[in-house]
Amino acid sequence: MTTPLATPIRWPAEALWEAVAPILPGFTVEVLPEIDSSNTELMRRFRGSPGVEPRPEPLLLVAEQQTAGRGRLGRQWQSRRGDSLTFSLGLPLAPADWSGLSLVAGISVAESLEPLVPGQAGKPRIGLKWPNDLWLSTPEGERKLAGILVETASWEGVRYVVIGIGINICAQDIPAAPHVTPLPGIPPGGLQTLLPALDAPATLLRIVPPLVQAVQAFERFGFAPFQARFAARDVLAGQAVQLSDGQNGIEGTAHGVGENGALLVHTPAGMKEITSSEVSVRPVAAQPPEGARPC
Ligand code: BTN
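This section reports on the structure supplied with the text. Please read all numbers here as calculations on a predicted model, not as lab measurements. (Residues numbered from 1 in each chain as written. Predicted model: local features only at pLDDT ≥ 70, side-chain atom pairs only at ≥ 80, totals over all residues. Heavy atoms only, no water.)

This part takes up the overall build of the protein chain. Helices and strands together make up the secondary structure of the protein chain, namely five helices and 12 strands. Every one of the 295 residues in the protein chain was classed for burial, and the buried ones make up 52%. Considering only contacts within the protein chain whose residues lie at least 6 apart along the sequence, 68% involve residues at least 24 apart. Working note: accessible area of the protein chain is about 13300 Å², and carbon and sulfur atoms make up 55% of it. (Helix = DSSP H or I, 4+ residues; strand = E, 2+ residues; numbered from the N terminus. Buried < 20%, exposed > 50% of the residue type's maximum accessible area, 1.4 Å probe, protein only. Contact = heavy atoms within 4.5 Å. Areas by Shrake-Rupley, 256 points an atom, 1.4 Å probe, with all protein chains shown as cover.)

Below, the structure written as structure tokens:
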């Protein structure tokens, strides 16, 4: 059920700080009851404003409610207090190559929620759809569980990255809050289908410390060490896909991702490497909509 505004949500800010600050000096945690978008807010803070110095500090910003949550390709991200986990991690980062960072974030979140057991038969229930979606396999079919929006900005030679993550904790079908546009089509998946005991605060504590470690590993070693981990959950592999960048449509068969995180698509014109985050990839079958249909 949706958590009413009067009911405080107990966020594990101290435990998060204790787990992360030793590996990320200067790290702080902040929880806001409401903001337009945690990504937008971190970008505003990084850039500064007249009279306010830019702040390139490592910060985890949790938004209990977003009023203008953003997804990729200019889409909206819908969420509702308590039923969704919406947060952004901002930190200075200097990898030699940025490609694959959103995939690394997705791998880390998926592995934290559903570790792979060596020798385990069958597909994991949490899959990854290039470049930024987590999907949950349910008895009713594949459902979008989470989305990731990575944005960067530079100031005086410092490159700052904001990794925004939205996870549907509970995704039952009930009437939407006034500012939420109801979604047509297939409802998104909720994490509690897989892990009934995990609420938004417990999910945050479970995923953030490994996420910071994964981002730091990416900064040092790039995407290549993550390639096989992505492949283990790649929901597009072997599927007929359609790519669209708004003007051109390409059809082909997805063949996993390369060492740089590019999506490999076998087309009638040969193998194409898709690197642009502006491209939308659809399995030729129907897609679930973005964001959470609230509980
Ligand atoms: C997508 O699937 O297109 C990405 C969705 C990302 C949503 C998260 S919620 C926290 C952060 N703040 C935002 O406005 N967006 C990201």
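In this section: helix 4 (residues 200-221). Under the 1.5 Å per step criterion, the end-to-end length of helix 4 is 31 Å for 22 residues, consistent within 8% with the ideal 32 Å. Along helix 4, the largest kink reaches about 25° and is centred on Ile 207; proline Pro 209 follows within four residues of it. Looking only at helix 4, the buried set comprises Ala 200, Pro 201, Thr 203, Leu 204, Ile 207, Val 208, Pro 209, Leu 211, Val 212, Ala 214, Val 215 and Phe 218. Close packing links the buried residues of helix 4 with helix 1 (13-20), strand 2 (59-63), strand 3 (84-92), helix 3 (101-113) and strand 7 (158-168). (Expected span 1.5 Å × (residues − 1). Bend = angle between axes of the 7 residues up to and from the residue.)

By secondary structure assignment, the location of Thr 267 is in strand 10 (residues 263-267). When residues no more than four places from it in sequence are discounted, the contact partners of Thr 267 are Ile 250, Glu 251, Gly 252 and Lys 272.

Another point: the site of the ligand. Taken together, 22 residues lie around the ligand, and Ser 37, Gln 66, Arg 70, Arg 72 and Lys 144 are the ones closest in. The side chain of Ser 38 places a nitrogen or oxygen atom 3.2 Å from a nitrogen atom of the ligand. With respect to the ligand, the backbone of Arg 72 contributes an N or O atom lying 2.6 Å from an oxygen atom. Alone, the ligand offers 410 Å² of accessible surface; in the complex the protein occludes 99% of this. At the level of secondary structure, the elements contributing two or more residues to the shell around the ligand comprise helix 2 (38-47), strand 3, strand 6 (141-155) and strand 7. Among the elements that line the shell around the ligand, the one with the most residues is strand 6, at four residues. Considering only residue class, the shell around the ligand consists of five nonpolar, 12 polar and five charged. (Near = heavy atom within 4 Å. Polar contact = N/O pair within 3.5 Å; in protein donor to acceptor, adjacent residues only side chain to side chain. Nonpolar A, V, L, I, M, F, W, Y, C, P; charged D, E, K, R; others polar.)

What follows covers the packing of aromatic side chains. A ring pair, where both rings are aromatic, is described by two values, the distance of the centres and the angle of the planes. Enumeration according to the criterion identifies one aromatic pair in this entry. Between Phe 46 and Tyr 160, the ring centres sit 4.6 Å apart and the planes meet at 0°, which makes this aromatic pair stacked. Linking Phe 46 in helix 2 with Tyr 160 in strand 7, this pair joins segments that are 114 residues apart in sequence. Across the pair, exposure class does not vary: Phe 46 and Tyr 160 are buried alike. (Phe/Tyr/Trp six-rings, centres within 6.5 Å; stacked < 30°, edge-to-face > 60°.)

Packing of helix 1 against helix 4 brings their axes to within 10 Å, and their N-to-C directions diverge by 20°. The angle between helix 1 and helix 4 falls in the class roughly parallel. Between helix 1 and helix 4 the crossing geometry is right-handed. Every residue of helix 4 that contacts helix 1 at Ala 15, Leu 16, Ala 19 and Val 20 is listed here: Leu 204, Leu 205, Val 208, Pro 209 and Val 212. Among the residues forming the contact of helix 1 with helix 4, the class breakdown is nine nonpolar, no polar and no charged. (Axes fitted to C-alpha atoms, helices over the stretch in contact; angles between N-to-C directions. Parallel < 35°, antiparallel > 145°, perpendicular 65-115°, else oblique. Left-handed = near helix turned anticlockwise from the far one by under 90°.)

This part is about the pairing of strand 3. Burial within strand 3 is extensive, with eight of its nine residues counted as buried. Sheet analysis places strand 2 next to strand 3, joined by five bridges and oriented antiparallel. What sits directly across from Ala 63, in strand 3, is Thr 86. Where strand 3 lies against strand 7, nine bridges are found, and the strand directions are antiparallel. Paired with Phe 87 across the strands is Ile 165, a residue of strand 7. (Pairing = 2+ DSSP bridges.)

The next point concerns the sheet that holds strand 8 (residues 240-244). On the basis of which strands lie adjacent, the open sheet formed by five strands has the order 11-10-9-8-12 and antiparallel pairing. At either end of the open sheet lies a strand with only one pairing partner, and these are strand 11 (270-274) and strand 12 (280-283). Each neighbouring strand pair of the sheet contributes to a mean axis angle of 40°, computed without reference to strand direction. Across five bridges, the pairing between strand 8 and strand 9 (residues 249-257) is antiparallel. Counterpart to Ser 244 in the pairing with strand 9 is Gly 249.

This next bit is on the pairing of strand 6. Taken together, the six bridges between strand 5 (residues 133-138) and strand 6 define a ladder with antiparallel strand orientation. Opposite Asp 133, over in strand 6, you have Gly 147 as the bridge partner. What sits between the antiparallel neighbours strand 5 and strand 6 is a turn of two residues. Judged from the 10 bridges that link them, strand 6 and strand 7 form a sheet pairing that is antiparallel. Each residue of the ladder has a partner; that of Leu 149, found in strand 7, is Gly 164. The antiparallel hairpin formed by strand 6 and strand 7 contains two residues in its connecting segment, where Glu 156 sits at a positive phi of about 45°.

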